[in-house]
Amino acid sequence: MCGRIDIQPNNIKEAVKAGFGVDWNTKMNRDLRPTQRVDALLSAPTGFVQTSLQWGIRPSWSKQLLINAQAETVATKQTFRDSFKSGLTQNQNLRGHHADPFFPDAAIVQ
């Protein structure tokens, strides 16, 4: 299932600075979609750095950006097979616990 990301820089700027020592600088995008570029933190030898990544998977053998696994073929297709066998889904974190979506400003009344 495809998703969207709601980018609101002011909500995370201070947390990224405090937690990772990075001056976070990104643009607001209330509807970031698969295949678009998204700012992310990358671990580097000197610490964390901000970088821009494209949302999706581009295997070396594919000319297209892949963003979805189909339920009918996820266990057999080369791209998703190993992740599927490990039990990871978009609703689980690495420890296997259910991960609810987090909207930090959902309770803010303006």
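Basis of the calculations
- Residues numbered from 1 in each chain as written.
- Predicted model: local features only at pLDDT ≥ 70, side-chain atom pairs only at ≥ 80, totals over all residues.
- Heavy atoms only, no water.
- Helix = DSSP H or I, 4+ residues; strand = E, 2+ residues; numbered from the N terminus.
- Expected span 1.5 Å × (residues − 1).
- Phe/Tyr/Trp six-rings, centres within 6.5 Å; stacked < 30°, edge-to-face > 60°.
- Buried < 20%, exposed > 50% of the residue type's maximum accessible area, 1.4 Å probe, protein only.
- Polar contact = N/O pair within 3.5 Å; in protein donor to acceptor, adjacent residues only side chain to side chain.

Undergrad: Would you mind going over helix α1 (residues 9-20) with me for this structure?
TA: Every α-helix winds through 3.6 residues per turn, so residues three or four apart in the chain are directed the same way. Here α1 contains twelve residues, and its C-alpha end-to-end distance of 15 Å stays within 8% of the 16 Å for a straight helix at 1.5 Å per residue. Positioned one or two residues after α1, glycine 21 has a phi angle of 70 degrees, which is positive.

Undergrad: Could you clarify how one ought to interpret the packing of aromatic side chains in this entry?
TA: How two aromatic rings sit relative to each other is given by the distance of their centres and the angle of their planes. On inspection of all chains with the given rule, the structure shows one aromatic pair. With a centroid separation of 4.8 Å and an interplanar angle of 75 degrees, the aromatic rings of phenylalanine 20 and phenylalanine 48 are classed as edge-to-face. Here phenylalanine 48 lies in strand β4 (residues 47-54) and phenylalanine 20 lies in helix α1, a separation of 28 residues in the sequence. In this structure phenylalanine 48 comes out as partly exposed when scored by relative accessible area, which is 38%.

Undergrad: In this structure, what is going on with the side chain of glutamine 8? I would like to understand it.
TA: Residue placement: glutamine 8 occurs in the loop between β1 (5-7) and α1. Of the polar contacts made by the side chain of glutamine 8, one reaches the side chain of aspartate 6; its length is 2.8 Å.

Spatial relationships are all this shows, so hold off on functional conclusions.
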